[in-house]
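Letter by letter, the chains look like this.
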Amino acid sequence: PRLLSQFFFADERVTRVVAEINGLDAELDPQQYLVLLNQLHLSQAHLLAVLERIMEECIPTQRHSRDYLVKFPEELLVDNLGNHMLFAAECLLAGTFLEMEESDGAQLRPQARNLLCSLELVRTVLREQSLSQPNSYPEPVRAVLIQFDRLFAEFELSYVSSLVAVKSPDEIYRQQEIIVLFCETVERALHLGYLTQEMIDGYEPLLMFTIPRLAIISGLLIYPEGPLSLERSPEEMSRVFSPFYNLLKKIRDLLRVLSAEELCLLERSLCTAE
(Lines give C-alpha, C1' and ligand atoms only; values in the text may rest on other atoms or scores of the structure.)
Protein backbone atom coordinates (compact mmCIF):
# COMPACT_ATOMS: atom_id res chain seq x y z
CA PRO A 1 0.00 0.00 0.00
CA ARG A 2 2.96 2.40 0.37
CA LEU A 3 3.15 4.85 -2.50
CA LEU A 4 6.94 4.79 -2.69
CA SER A 5 6.83 1.01 -3.05
CA GLN A 6 4.25 1.36 -5.82
CA PHE A 7 6.49 3.92 -7.50
CA PHE A 8 9.48 1.58 -7.33
CA PHE A 9 7.69 -1.20 -9.21
CA ALA A 10 6.10 1.22 -11.69
CA ASP A 11 9.54 2.67 -12.38
CA GLU A 12 10.97 -0.82 -12.80
CA ARG A 13 8.33 -1.54 -15.41
CA VAL A 14 9.18 1.58 -17.43
CA THR A 15 12.89 0.82 -17.26
CA ARG A 16 12.35 -2.76 -18.42
CA VAL A 17 10.18 -1.76 -21.40
CA VAL A 18 12.66 0.94 -22.47
CA ALA A 19 15.46 -1.61 -22.34
CA GLU A 20 13.46 -3.99 -24.53
CA ILE A 21 12.80 -1.22 -27.06
CA ASN A 22 16.46 -0.23 -27.16
CA GLY A 23 17.46 -3.85 -27.78
CA LEU A 24 15.00 -4.37 -30.61
CA ASP A 25 15.53 -3.73 -34.31
CA ALA A 26 12.29 -2.00 -35.28
CA GLU A 27 12.83 -2.65 -38.99
CA LEU A 28 13.21 -6.40 -38.48
CA ASP A 29 10.26 -6.72 -36.11
CA PRO A 30 7.92 -3.73 -36.53
CA GLN A 31 4.97 -5.54 -34.95
CA GLN A 32 6.84 -6.21 -31.72
CA TYR A 33 8.09 -2.62 -31.76
CA LEU A 34 4.50 -1.32 -31.82
CA VAL A 35 3.57 -3.70 -29.00
CA LEU A 36 6.44 -2.40 -26.88
CA LEU A 37 5.55 1.22 -27.65
CA ASN A 38 2.03 0.59 -26.39
CA GLN A 39 3.43 -1.06 -23.25
CA LEU A 40 5.68 1.96 -22.72
CA HIS A 41 2.72 4.31 -23.06
CA LEU A 42 0.73 2.34 -20.48
CA SER A 43 3.61 1.95 -18.05
CA GLN A 44 4.50 5.66 -18.23
CA ALA A 45 0.86 6.58 -17.62
CA HIS A 46 0.85 4.37 -14.52
CA LEU A 47 4.14 5.86 -13.34
CA LEU A 48 2.79 9.41 -13.68
CA ALA A 49 -0.42 8.43 -11.87
CA VAL A 50 1.56 7.10 -8.90
CA LEU A 51 3.78 10.17 -8.97
CA GLU A 52 0.71 12.41 -8.91
CA ARG A 53 -0.55 10.62 -5.80
CA ILE A 54 2.86 10.99 -4.17
CA MET A 55 2.86 14.74 -4.80
CA GLU A 56 -0.64 15.03 -3.38
CA GLU A 57 0.56 13.24 -0.26
CA CYS A 58 3.96 14.90 0.02
CA ILE A 59 3.52 18.50 -1.18
CA PRO A 60 -0.26 19.13 -1.25
CA THR A 61 0.03 22.82 -0.34
CA GLN A 62 3.05 23.49 -2.54
CA ARG A 63 1.66 22.26 -5.86
CA HIS A 64 2.02 24.63 -8.80
CA SER A 65 -1.29 26.26 -9.74
CA ARG A 66 -3.27 24.52 -12.48
CA ASP A 67 -5.76 27.39 -12.87
CA TYR A 68 -4.63 27.73 -16.48
CA LEU A 69 -6.51 24.52 -17.32
CA VAL A 70 -9.75 26.53 -17.55
CA LYS A 71 -8.26 28.20 -20.64
CA PHE A 72 -7.89 24.89 -22.48
CA PRO A 73 -10.53 23.60 -24.91
CA GLU A 74 -12.71 20.99 -23.19
CA GLU A 75 -11.65 18.24 -25.62
CA LEU A 76 -8.09 18.47 -24.31
CA LEU A 77 -9.03 17.92 -20.69
CA VAL A 78 -8.69 14.14 -20.73
CA ASP A 79 -7.28 11.71 -18.19
CA ASN A 80 -4.12 11.02 -20.19
CA LEU A 81 -3.18 14.66 -20.82
CA GLY A 82 -0.12 14.35 -18.57
CA ASN A 83 1.16 11.32 -20.43
CA HIS A 84 0.66 13.13 -23.73
CA MET A 85 2.75 16.04 -22.40
CA LEU A 86 5.55 13.64 -21.48
CA PHE A 87 5.47 12.07 -24.95
CA ALA A 88 5.48 15.54 -26.54
CA ALA A 89 8.53 16.55 -24.50
CA GLU A 90 10.38 13.40 -25.59
CA CYS A 91 9.55 14.09 -29.24
CA LEU A 92 10.69 17.71 -29.00
CA LEU A 93 13.98 16.68 -27.42
CA ALA A 94 14.48 14.18 -30.24
CA GLY A 95 13.88 16.92 -32.81
CA THR A 96 10.43 15.73 -33.86
CA PHE A 97 7.94 18.62 -33.95
CA LEU A 98 4.53 17.00 -33.82
CA GLU A 99 1.54 19.17 -34.78
CA MET A 100 3.50 22.43 -34.64
CA GLU A 101 5.81 24.68 -36.59
CA GLU A 102 9.52 23.92 -36.33
CA SER A 103 10.21 27.38 -34.92
CA ASP A 104 7.67 26.84 -32.11
CA GLY A 105 9.16 23.44 -31.38
CA ALA A 106 12.66 24.85 -31.21
CA GLN A 107 11.51 27.41 -28.63
CA LEU A 108 9.94 24.68 -26.52
CA ARG A 109 12.93 22.33 -26.60
CA PRO A 110 14.72 23.89 -23.59
CA GLN A 111 11.56 23.50 -21.51
CA ALA A 112 11.17 19.91 -22.69
CA ARG A 113 14.80 19.18 -21.78
CA ASN A 114 14.42 20.68 -18.31
CA LEU A 115 11.21 18.73 -17.72
CA LEU A 116 12.68 15.37 -18.73
CA CYS A 117 15.86 15.98 -16.73
CA SER A 118 13.72 16.83 -13.73
CA LEU A 119 11.68 13.64 -14.20
CA GLU A 120 14.86 11.55 -14.29
CA LEU A 121 16.02 13.20 -11.08
CA VAL A 122 12.64 12.51 -9.46
CA ARG A 123 12.82 8.86 -10.51
CA THR A 124 16.32 8.49 -9.09
CA VAL A 125 15.53 10.20 -5.80
CA LEU A 126 12.25 8.32 -5.26
CA ARG A 127 13.83 4.96 -6.08
CA GLU A 128 16.55 5.58 -3.52
CA GLN A 129 14.01 6.74 -0.96
CA SER A 130 11.79 3.71 -1.57
CA LEU A 131 14.75 1.41 -0.83
CA SER A 132 15.89 3.24 2.30
CA GLN A 133 12.90 4.89 4.04
CA PRO A 134 9.68 4.18 2.12
CA ASN A 135 7.52 5.78 4.81
CA SER A 136 8.95 9.31 4.76
CA TYR A 137 9.61 12.24 2.43
CA PRO A 138 12.67 14.22 3.59
CA GLU A 139 13.26 17.76 2.40
CA PRO A 140 15.50 16.82 -0.62
CA VAL A 141 12.70 14.60 -1.92
CA ARG A 142 10.14 17.36 -1.45
CA ALA A 143 12.40 19.85 -3.25
CA VAL A 144 12.76 17.74 -6.41
CA LEU A 145 9.01 17.07 -6.46
CA ILE A 146 8.22 20.78 -6.19
CA GLN A 147 10.62 21.54 -9.03
CA PHE A 148 9.19 18.79 -11.25
CA ASP A 149 5.61 19.91 -10.58
CA ARG A 150 6.47 23.48 -11.56
CA LEU A 151 8.35 22.50 -14.72
CA PHE A 152 5.56 20.15 -15.78
CA ALA A 153 2.90 22.85 -15.39
CA GLU A 154 4.97 25.43 -17.24
CA PHE A 155 5.64 23.05 -20.13
CA GLU A 156 2.00 21.97 -20.31
CA LEU A 157 0.78 25.55 -20.60
CA SER A 158 3.44 26.51 -23.15
CA TYR A 159 2.95 23.42 -25.30
CA VAL A 160 -0.85 23.59 -25.44
CA SER A 161 -0.74 27.36 -26.07
CA SER A 162 1.48 26.75 -29.09
CA LEU A 163 -1.03 24.28 -30.59
CA VAL A 164 -4.44 25.78 -29.94
CA ALA A 165 -5.97 29.12 -29.11
CA VAL A 166 -6.47 29.06 -25.35
CA LYS A 167 -9.42 30.89 -23.88
CA SER A 168 -9.00 34.55 -23.08
CA PRO A 169 -10.07 35.98 -19.68
CA ASP A 170 -13.15 37.44 -21.40
CA GLU A 171 -14.13 34.02 -22.78
CA ILE A 172 -13.71 32.43 -19.35
CA TYR A 173 -15.87 35.16 -17.81
CA ARG A 174 -18.58 34.60 -20.43
CA GLN A 175 -18.48 30.88 -19.66
CA GLN A 176 -18.93 31.62 -15.97
CA GLU A 177 -21.88 33.88 -16.82
CA ILE A 178 -23.56 30.93 -18.54
CA ILE A 179 -22.99 28.74 -15.49
CA VAL A 180 -24.62 31.38 -13.30
CA LEU A 181 -27.55 31.69 -15.73
CA PHE A 182 -28.14 27.93 -15.65
CA CYS A 183 -27.96 27.87 -11.84
CA GLU A 184 -30.45 30.73 -11.54
CA THR A 185 -32.69 29.05 -14.11
CA VAL A 186 -32.77 25.83 -12.09
CA GLU A 187 -33.49 27.74 -8.88
CA ARG A 188 -36.37 29.62 -10.54
CA ALA A 189 -37.75 26.42 -12.10
CA LEU A 190 -37.75 24.71 -8.69
CA HIS A 191 -39.49 27.70 -7.12
CA LEU A 192 -42.20 27.73 -9.80
CA GLY A 193 -42.65 23.96 -9.69
CA TYR A 194 -41.44 23.29 -13.23
CA LEU A 195 -38.83 20.89 -11.84
CA THR A 196 -38.49 18.89 -8.66
CA GLN A 197 -35.43 18.26 -6.53
CA GLU A 198 -35.97 14.53 -7.07
CA MET A 199 -35.54 14.99 -10.82
CA ILE A 200 -32.22 16.74 -10.26
CA ASP A 201 -30.96 14.29 -7.64
CA GLY A 202 -31.93 11.40 -9.91
CA TYR A 203 -30.22 12.88 -12.98
CA GLU A 204 -33.45 12.81 -14.96
CA PRO A 205 -32.35 12.63 -18.66
CA LEU A 206 -35.06 15.08 -19.72
CA LEU A 207 -33.23 17.82 -17.81
CA MET A 208 -30.56 17.86 -20.54
CA PHE A 209 -33.19 19.43 -22.79
CA THR A 210 -35.39 21.19 -20.25
CA ILE A 211 -32.78 23.32 -18.47
CA PRO A 212 -31.19 24.82 -21.63
CA ARG A 213 -34.67 25.63 -23.00
CA LEU A 214 -35.69 27.35 -19.79
CA ALA A 215 -32.28 29.10 -19.63
CA ILE A 216 -32.90 30.70 -23.03
CA ILE A 217 -36.20 32.15 -21.81
CA SER A 218 -34.61 33.26 -18.54
CA GLY A 219 -31.68 34.81 -20.35
CA LEU A 220 -33.89 36.75 -22.74
CA LEU A 221 -36.63 37.89 -20.36
CA ILE A 222 -35.76 37.39 -16.69
CA TYR A 223 -32.03 38.25 -16.76
CA PRO A 224 -31.70 40.39 -19.92
CA GLU A 225 -28.34 41.81 -18.85
CA GLY A 226 -26.74 38.37 -18.57
CA PRO A 227 -24.92 36.23 -21.16
CA LEU A 228 -27.89 36.33 -23.56
CA SER A 229 -28.05 40.12 -23.59
CA LEU A 230 -28.88 41.18 -27.13
CA GLU A 231 -27.61 44.67 -26.39
CA ARG A 232 -24.18 43.23 -27.05
CA SER A 233 -22.85 42.53 -30.51
CA PRO A 234 -22.56 38.86 -31.53
CA GLU A 235 -18.78 39.15 -31.11
CA GLU A 236 -19.24 40.12 -27.46
CA MET A 237 -21.42 37.10 -26.68
CA SER A 238 -20.26 33.63 -25.74
CA ARG A 239 -19.43 31.42 -28.71
CA VAL A 240 -22.17 29.09 -27.44
CA PHE A 241 -24.84 31.63 -28.38
CA SER A 242 -23.28 34.06 -30.87
CA PRO A 243 -24.07 31.93 -33.98
CA PHE A 244 -27.77 32.17 -33.07
CA TYR A 245 -27.87 35.92 -32.48
CA ASN A 246 -30.57 36.68 -35.07
CA LEU A 247 -32.67 33.69 -34.02
CA LEU A 248 -32.47 34.78 -30.38
CA LYS A 249 -33.76 38.23 -31.34
CA LYS A 250 -36.78 36.64 -33.03
CA ILE A 251 -37.42 34.43 -29.98
CA ARG A 252 -37.20 37.44 -27.65
CA ASP A 253 -39.64 39.44 -29.75
CA LEU A 254 -42.11 36.54 -29.68
CA LEU A 255 -41.75 36.07 -25.92
CA ARG A 256 -42.44 39.74 -25.25
CA VAL A 257 -45.98 39.51 -26.64
CA LEU A 258 -46.94 36.63 -24.33
CA SER A 259 -49.00 37.21 -21.22
CA ALA A 260 -47.78 35.90 -17.87
CA GLU A 261 -50.17 32.95 -18.15
CA GLU A 262 -49.02 32.15 -21.69
CA LEU A 263 -45.39 32.34 -20.65
CA CYS A 264 -46.03 29.96 -17.76
CA LEU A 265 -47.83 27.56 -20.10
CA LEU A 266 -44.92 27.73 -22.56
CA GLU A 267 -42.33 27.02 -19.89
CA ARG A 268 -44.31 24.11 -18.53
CA SER A 269 -44.61 22.64 -22.01
CA LEU A 270 -40.85 22.93 -22.48
CA CYS A 271 -40.41 20.81 -19.36
CA THR A 272 -42.35 17.92 -20.88
CA ALA A 273 -41.80 18.14 -24.64
CA GLU A 274 -39.03 15.98 -26.09
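None of these values were measured; they are calculated from a predicted model.

## Quick notes on the overall build of the protein
Next, step 1: Along its length, the protein carries 10 helices and 0 strands.
Next, step 2: Put simply, the protein runs from its N terminus to its C terminus through helices and strands in the order α-α-α-α-α-α-α-α-α-α.
Next, step 3: A compact globule built from 274 residues should have a C-alpha radius of gyration of about 19 Å, whereas the protein, at 26 Å, is more than 25% larger.
Next, step 4: When each of the 274 residues of the protein is scored for burial, the buried share is 37%.
Next, step 5: Summarising the internal contacts of the protein: among those between residues at least 6 apart in sequence, 71% fall at separations of at least 24.
Next, step 6: Accessible surface, the protein: about 16,100 Å² in total, of which carbon and sulfur atoms supply 57%.
Next, step 7: Side chains of the protein give 24 positive and 41 negative charges; the mean places of these two sets differ by 2 Å.

## As for the layout of surface pockets
Next, step 1: By volume, the second largest pocket is sized at about 300 Å³.
Next, step 2: Together, V18, I21, N22, Y33, L37, L40, H41, Q44, N83, H84, F87 and E90 line the second largest pocket.
Next, step 3: Elements with a minimum of two residues in the lining of the second largest pocket: α1 (3-22), α2 (30-58) and α3 (81-93).
Next, step 4: Take the lining of the second largest pocket: its biggest share by element is 5 residues, from α2.

## Some thoughts on helix α5 (residues 139-163)
Next, step 1: The end-to-end C-alpha separation of α5 is 37 Å, in line with the 36 Å expected for 25 residues at 1.5 Å each.
Next, step 2: For α5, the full list of buried residues reads V141, V144, L145, F148, D149, L151, F152, A153, F155, E156, Y159 and V160.
Next, step 3: Check the buried side of α5 and you find it contacts α2, α3 and α4 (102-132).

## Let's talk about the domain arrangement of the protein
Next, step 1: Its domain assignment divides the protein into domain 1 (1-161) and domain 2 (167-270).
Next, step 2: Taking the mean C-alpha position of each, domain 1 and domain 2 sit 43 Å from one another.

## Some thoughts on the side chain of N83
Next, step 1: Note that N83 resides in helix α3.
Next, step 2: N83 gets classed as buried once you look at its relative accessible area, which sits at 5%.
Next, step 3: Once residues lying within four places of it in the same chain are set aside, the contact partners of N83 are H41, Q44, A45 and L48.

## Details of the confidence of the model for the protein
Next, step 1: Confidence in the prediction for the protein averages 89 pLDDT; 98% of positions are at 70 or higher.
Next, step 2: Element-level mean pLDDT values for the protein span from 87 in α3 up to 94 in α1.

## Some details on the nonpolar core
Next, step 1: Counting 45 residues, the largest nonpolar core has L51, I54, L126, L145, F148, F155 and Y159 as the members making the most contacts within it.
Next, step 2: Counting only elements with at least two residues in this core, the list comes to α1, α2, α3, α4 and α5.
Next, step 3: If one sorts the elements of this core by residue count, α5 sits on top with 10 residues.
Next, step 4: In this structure, L230, F241, Y245 and L263 belong to the second largest nonpolar core, which totals 14 residues.

## Overview of the pattern of salt bridges
Next, step 1: Throughout the structure, instances matching the rule amount to 13 salt bridges.
Next, step 2: A salt bridge links R123 to D11; its shortest N-O distance comes to 2.4 Å. With a gap of 112 residues between them, R123 in helix α4 and D11 in helix α1 connect regions that are remote in the sequence. Here R123 matches D11 in class, with each residue buried.
Next, step 3: Here D149 and R63 are joined by a salt bridge, their closest N and O atoms 3.0 Å apart. One end of the pair, D149, is in helix α5; the other, R63, is in the loop between α2 and α3, with 86 residues separating them in the sequence. The burial state of D149 is the same as that of R63; both residues are buried.
Next, step 4: Linked through salt bridges whose partners overlap, the residues forming this network are D11, E12, E120, R123 and R127.

## Comments concerning the packing of aromatic side chains
When we look at a pair of aromatic rings, we describe it by the centre distance and by the angle of the planes.
Next, step 1: Within this structure, the stated rule accounts for 3 aromatic pairs.
Next, step 2: Between F8 and F9, the aromatic rings sit 5.4 Å apart at their centres with planes inclined by 90°, giving edge-to-face as the arrangement.
Next, step 3: Look at F8 and you get buried, because its relative accessible area is 17%.

Procedures and definitions
Residues numbered from 1 in each chain as written. Predicted model: local features only at pLDDT ≥ 70, side-chain atom pairs only at ≥ 80, totals over all residues. Heavy atoms only, no water. Helix = DSSP H or I, 4+ residues; strand = E, 2+ residues; numbered from the N terminus. Rg over C-alpha atoms; globule rule 2.2 N^0.38 Å. Buried < 20%, exposed > 50% of the residue type's maximum accessible area, 1.4 Å probe, protein only. Contact = heavy atoms within 4.5 Å. Areas by Shrake-Rupley, 256 points an atom, 1.4 Å probe, with all protein chains shown as cover. Lys, Arg positive; Asp, Glu negative; His and termini not counted. Charge placed at Lys NZ, Arg CZ, Asp CG, Glu CD. 1 Å grid on protein atoms, 1.4 Å probe; cavity = no way out; pocket = protein on both sides within 12 Å on 5 of 7 lines; lining within 4 Å. Points joined across faces, edges and corners; volume = space filled by probe spheres on them. Expected span 1.5 Å × (residues − 1). Domains from an automatic or database assignment. pLDDT = per-residue confidence, 0-100. Core = buried A, V, L, I, M, F, W, Y, C linked by side-chain atoms within 4.5 Å. Salt bridge = Lys/Arg side-chain N within 4 Å of Asp/Glu carboxyl O. Phe/Tyr/Trp six-rings, centres within 6.5 Å; stacked < 30°, edge-to-face > 60°.

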